[in-house]
Number of protein chains: 4
Amino acid sequence: MNKHHHLLLRGASSLTVSLCKRSGPTHLPPARPLFPSSGAGGTTTAAAIVSNFFSRHHHSTLTSPHHHLPKTARMSTTTPSPVDLIEQSKRLAAFQSVTAHLVPFPSRTRIGIGSGSTVIYVVEAITTLVPPATLSTMTFYPTGAQSEQLIESAGLNLQYINKLPPGTLLDVCFDGADEVDPNLNLIKGGGACLWQEKIVASSSKKFVCVADFRKMSPALGTMWKKGIPIEVLPLAANRVLGELERMGSLGPKVRPGLPGKAGAVVTDNGMWIVDAPFRPLRVEGTSDKEKGEWQIDELADALIKIPGVAEIGLFYGKNGNQAGEGGAQKPVEAYFGMEDGSVKVLSA
Amino acid sequence: MNKHHHLLLRGASSLTVSLCKRSGPTHLPPARPLFPSSGAGGTTTAAAIVSNFFSRHHHSTLTSPHHHLPKTARMSTTTPSPVDLIEQSKRLAAFQSVTAHLVPFPSRTRIGIGSGSTVIYVVEAITTLVPPATLSTMTFYPTGAQSEQLIESAGLNLQYINKLPPGTLLDVCFDGADEVDPNLNLIKGGGACLWQEKIVASSSKKFVCVADFRKMSPALGTMWKKGIPIEVLPLAANRVLGELERMGSLGPKVRPGLPGKAGAVVTDNGMWIVDAPFRPLRVEGTSDKEKGEWQIDELADALIKIPGVAEIGLFYGKNGNQAGEGGAQKPVEAYFGMEDGSVKVLSA
Amino acid sequence: MNKHHHLLLRGASSLTVSLCKRSGPTHLPPARPLFPSSGAGGTTTAAAIVSNFFSRHHHSTLTSPHHHLPKTARMSTTTPSPVDLIEQSKRLAAFQSVTAHLVPFPSRTRIGIGSGSTVIYVVEAITTLVPPATLSTMTFYPTGAQSEQLIESAGLNLQYINKLPPGTLLDVCFDGADEVDPNLNLIKGGGACLWQEKIVASSSKKFVCVADFRKMSPALGTMWKKGIPIEVLPLAANRVLGELERMGSLGPKVRPGLPGKAGAVVTDNGMWIVDAPFRPLRVEGTSDKEKGEWQIDELADALIKIPGVAEIGLFYGKNGNQAGEGGAQKPVEAYFGMEDGSVKVLSA
Amino acid sequence: MNKHHHLLLRGASSLTVSLCKRSGPTHLPPARPLFPSSGAGGTTTAAAIVSNFFSRHHHSTLTSPHHHLPKTARMSTTTPSPVDLIEQSKRLAAFQSVTAHLVPFPSRTRIGIGSGSTVIYVVEAITTLVPPATLSTMTFYPTGAQSEQLIESAGLNLQYINKLPPGTLLDVCFDGADEVDPNLNLIKGGGACLWQEKIVASSSKKFVCVADFRKMSPALGTMWKKGIPIEVLPLAANRVLGELERMGSLGPKVRPGLPGKAGAVVTDNGMWIVDAPFRPLRVEGTSDKEKGEWQIDELADALIKIPGVAEIGLFYGKNGNQAGEGGAQKPVEAYFGMEDGSVKVLSA
């Protein structure tokens, strides 16, 4: 263990967990949920976490050399509840993602912060792991009202994406997803914030996805059945619905606003959301439009060009490693908290 | 039951209705819900209606010292479910309100149509009772997306309130309410459409409220506990919350958009909704601000002047009988479907 | 062919146009401007038109009885002013476009109506040429507030594009442009209504462009120097500006709202407009991005995918003849009022 | 009293103003315009200012070392142009207002910054007069995009009014006006930002108005002839126009967006602006509605209650000295740069 790791561990007084090789052991402090969130750690105590951490079998698709994980399991002597396990693994996933992508915590880092229950733990990880003097030089860019509140509650420096000077990029962005396929294509937009989320993600040098196991999917549309969220100009909603049906979408619908609002959900941008279900999207190859089966890139290209469509909830194409000057939508890595308390990492 | 009433009930099959001009028993045709609506007539058949309705002595003038209600219910020989009874009474209330305020169905009438489960029956009443040739000359003005759909589904002539020429008024407007006090002050805005609703109501010569018994209240704030809906400019939300607390509101909050949208509900006008609970509002007298007890007019006057407030969900002040040239917010009458299958009418 | 036709053809020489091919000479009734419009007929009186134009043999395709036209030409004995000539030619262009694309005036036609000074004459042509009984069955869909007012002033049936049922199309759409290249690619958006205009155009079976000679251009960016109008989400404006500069745009700017509004123009959709000048766009071939020279389709494809861009003012790709089921952005024909009083027609 | 002071007082004759009372003569450093602004100092050089103004004894409360000022007046030997004089007087007005209301520059002051050509000098005064260490603790709240840019260009700490915690107030707000009457009632909204401006002003302990002599008026509506700017929900525009005419407004109109936008100006809040001219408003007494003559408070009360009106451009009622807990709209003082180079001050 080098000095850096030592430093990290010194700060990690109460809890030393060896998580993975990439960034040294990760400090997991007692759970301190910043946000009220259903199921987010209500029963997760520090003790439970200590007793439940573990080593895991690395998923076979994680072929990158830097993801060699510990081979021996340290099993708990007590049996945690499934909810405990998931929350622990989400928290662990968040800490790992921060360790992997923020160490050695350079000053003046610009960080995008998305929403979702796992992102709450990302903020916890940042406030826990980054030395305060460094943290005070960092700036955090939210993807919407929820993450704005998260940033402010944590006492971090808030800034808006429209203040990012032309030509500059965020260093990294952490955000969740509604579904992730093996090639790191995403569906996002369950919270109707997809437009801002895509702007923040594509304004970042790299986008890191954090989520739980339910978001892992062999093909988009398999786990997330509600459809691809599409942000549309209200006066074009009917026209877009017709176009989507012609393209093979199975029952696209304008998302309703109830119980808080009669009629359609209105986004923060004054648009409506159409949820457009498609058959599971092909990760590779080409589309077979006769069968209503689309390859992701082809579908996304077609959707974004429909007049009336403002933005789509497919995050596709390049990732930050491939697109030198920003504009990438896909994450470079995705961290999933698993049912068994472990973390799975998908790398581009 | 006299012959006339018998005829009415027997003759419910067709459309030859003598409605006793203003206030007599109302013809109720078989239920034909226009809209899918939870509990709205799912189990209500024509037979059930025939067996459950009753004739009542309608108070001789609906305008006289109000609230003389029928003293004897003639109950059905079978026992309808409570849900049936309520739906029947709401439907009856709708038919009575249309009979009272649209007969003799003048041509070219301009009618405002609000939202709410009872308004669905108002549209049914209009399409049932108005002769088709006359109906085709009438124009219907919605208060929002939901009532727009209702108007279109019924095949009625749709027009928007912004097309009403300056200086003209709608002849009548039918809309629901979230709470109604004995002086016909209202709370509206549970569906986040209060701004449009107030514009339509105050653009009408008279506003007729239709609702069910749960909306009747001795004082606003008694039955509707969520607070007075207030439409605010998002950047002023914090400021308005502070002002409301200073005025005695008990825990005002920005209405959340979940599950369809993370963060706040955004209205069709791009605003947020603050729900501001107050102690039950005094119908008469003056406010005792020390105790946080407000008289309605005084509270409304104070709320509407808070910078950042676009519109408030209190409908107060004059009604259409009092305000000669429009601008009135209060209904001239309110019709309530009661739990026992009867209809109660509140007149100004 | 009389002298007039000779004139027309002479003006159209470079563009392989035969006006007569389709619909023959067009009847021009006395000028009756519907709208106050600077330069739109300020000096054009009925007498001037009578004296400057001519009567012509009505083409056989105009079979309606009320189109019996005078048989003798009354030639001008005075010299019209240049302004007169342009207005006359714009009016003639409008009448020709309507004759070519609406005859034989089928009932229940759905027609999109855009904005611009030539479109005013399109509406005049429609109200003049279409038999009243047929006209009353037609429905007109505006692209914005200006054309909405135009439709209403003319007493035509107004309908909104969001009411077009999914899967149906407008029969034809008439709209102007800020610049037209020889392949009928367009720049639109000078009035900040490009998003609605593209939705209406691409919802039409065919889009017919009407304009004056100043809009004809060998390559987009030659005549219209202000830049391609791009509708952007305000919070992404900086990011889009940076991206545009990286793509070679020469000084893209957010359009200011003065004198009516401090800060940026806000569109009817709540967006901002970025005007992005590029070197003249290549009609064919491929882009040379090193030189900042773009081929239209490639540029448009790149622009529309920038996160934060809602819609772009390039109308490109297919036209209605090529795109069977709608979605085309390019006109099938463009009619230009020329400086010399003639009309030039560009056909796809 | 030297000649300059005499001039100042002479100009202030009717308004019982003593500039010296509060803060004494103000130091005016060389002109350093922060913003490009037509007429704002184009011909105003440091030399011109030195030659035209004077050095004065710095008031003792300005104790910071960098405020050592020249002790001898250097009187002008040349004649300044009228434009010079006005710009100088506006700048002087700004410096005086800052001296009067910010000295002794407490730390952590929260300051609202409006827009207008005189406010530019307010920002210059603040950056010049406030010691840097103190300045870095101050926070500045803009009233719109223009003042946001002004704050950022000056390198000041920007914050948004929606971040002001409930229950707290800005310490002071500096903003311009379109017209000011002797009782410090204002018309604002020429730049279509009146809603935000009123929110910021009424969120301040005191509002200080800075402007030039053209905004001084015996009665609102005398100098500013375009009408009272009223921010309205677009779908209510017609209805509001009708109501305004009924109230005696002389030709109220929706403000057009040209040249940048066809149709109406859309505000940053998605509203339209109606400009409603009234006969000059009575500062005191009551309205004579028959004659269409209104007293300000009565008119404002009537306007704000019209359904469809979001906010009005009348700033009226209490000022910050009268309203203990915020909510005041009127300034406590107004500073005017006069034609003759002097400053006039109106105090509540």
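- Chain A goes by Ribose-5-phosphate isomerase in an unreviewed UniProt entry, where it is assigned to Podospora anserina.
- Its UniProt record, at the heading Sequence similarities (unreviewed entry), says of chain A: "Belongs to the ribose 5-phosphate isomerase family."

1. Regarding the packing of helix α4 (residues 82-102) of chain D against helix α5 (residues 117-129) of chain D
The relative placement of two packed helices is expressed as an angle between their axes plus a distance between the axes.
Residue and element names in this part refer to chain D.
Then step 1. Between α4 and α5, the shortest axis-to-axis distance is 8 Å and the interhelical angle comes to 50°. The orientation of α4 with respect to α5, classified from their angle, is oblique. Both α4 and α5 take part in a crossing whose hand is right-handed. Contacts between α4 and α5 pair Glu87, Lys90, Arg91, Ala94, Phe95, Ser97, Val98, Thr99 and Leu102 from the former with Ser117, Thr118, Tyr121, Val122, Glu124, Ala125, Ile126, Thr128 and Leu129 from the latter.
Then step 2. Its residues assigned to classes, the contact of α4 with α5 comprises nine nonpolar, five polar and four charged.

2. Quick word on the state of the cysteines
Then step 1. Inspection of the entire model under this criterion finds zero disulfides over all chains.
Then step 2. As a non-bridged cysteine, B:Cys209 has B:Cys173 as the owner of its nearest cysteine sulfur, 9.4 Å distant.

3. Here we look at the interface of chain C and chain B
Then step 1. Contact residues are listed per partner, giving five residues for chain C and five residues for chain B.
Then step 2. Here chain C meets chain B over a buried area of about 350 Å², counting both sides, of which 37% is carbon and sulfur.
Then step 3. Broken down residue by residue, the surface that chain C buries against chain B is led by C:Glu152, C:Tyr160 and C:Lys163, which jointly contribute 86%.
Then step 4. Summed over the shared surface of chain C and chain B, the result is four salt bridges.
Then step 5. Linking chain C with chain B are four residue pairs in polar contact (both at pLDDT 80 or more).
Then step 6. Broken down by class, the residue content of the side of chain C that touches chain B amounts to two nonpolar, no polar and three charged.

4. Regarding the interface of chain D and chain B
Quite often, the size of an interface is put as the accessible area lost when its parts meet.
Then step 1. Each partner contributes to the interface: chain D provides 34 residues, whereas chain B provides 33 residues.
Then step 2. For the pair chain D and chain B, the two sides together bury roughly 2,800 Å², of which 59% comes from carbon and sulfur.
Then step 3. In this assembly, chain D and chain B are joined by two salt bridges.
Then step 4. Notably, a salt bridge pairs D:Asp301 with B:Lys305, separated by 3.0 Å at the nearest N-O pair.
Then step 5. Elements that contribute at least two residues to the side of chain D that touches chain B include exactly α8 (194-201), α9 (237-246), α10 (296-304) and β10 (309-312) of chain D.
Then step 6. Partitioning the side of chain D that touches chain B into residue classes produces 15 nonpolar, 12 polar and seven charged.

5. Topic: the relation of the copies chain D and chain B
Then step 1. Superposing chain D onto chain B requires a rotation of 180° together with a translation of 0.0 Å along the rotation axis, leaving an RMSD of 0.1 Å. The transformation relating the two chain copies, once decomposed into turn and shift, fits a two-fold axis. In terms of C-alpha distance to the rotation axis, chain D has D:Ala310 as its closest residue, with the C-alpha 2.3 Å off the axis.
Then step 2. In this assembly, 97% of the residues forming the interface of chain D have copies in chain B that are likewise at the interface, indicating an isologous arrangement.

Definitions and limits used
- Residues numbered from 1 in each chain as written.
- Chains lettered and ligands numbered in written order.
- Predicted model: local features only at pLDDT ≥ 70, side-chain atom pairs only at ≥ 80, totals over all residues.
- Heavy atoms only, no water.
- UniProt positions renumbered as here; feature names shortened; annotations may be inferred.
- Axes fitted to C-alpha atoms, helices over the stretch in contact; angles between N-to-C directions.
- Helix = DSSP H or I, 4+ residues; strand = E, 2+ residues; numbered from the N terminus.
- Parallel < 35°, antiparallel > 145°, perpendicular 65-115°, else oblique.
- Left-handed = near helix turned anticlockwise from the far one by under 90°.
- Contact = heavy atoms within 4.5 Å.
- Nonpolar A, V, L, I, M, F, W, Y, C, P; charged D, E, K, R; others polar.
- Disulfide = S-S within 2.5 Å.
- Buried area = accessible area lost by both parts, 1.4 Å probe.
- Salt bridge = Lys/Arg side-chain N within 4 Å of Asp/Glu carboxyl O.
- Polar contact = N/O pair within 3.5 Å; in protein donor to acceptor, adjacent residues only side chain to side chain.
- Least-squares fit on C-alpha atoms with pLDDT ≥ 70 in both.

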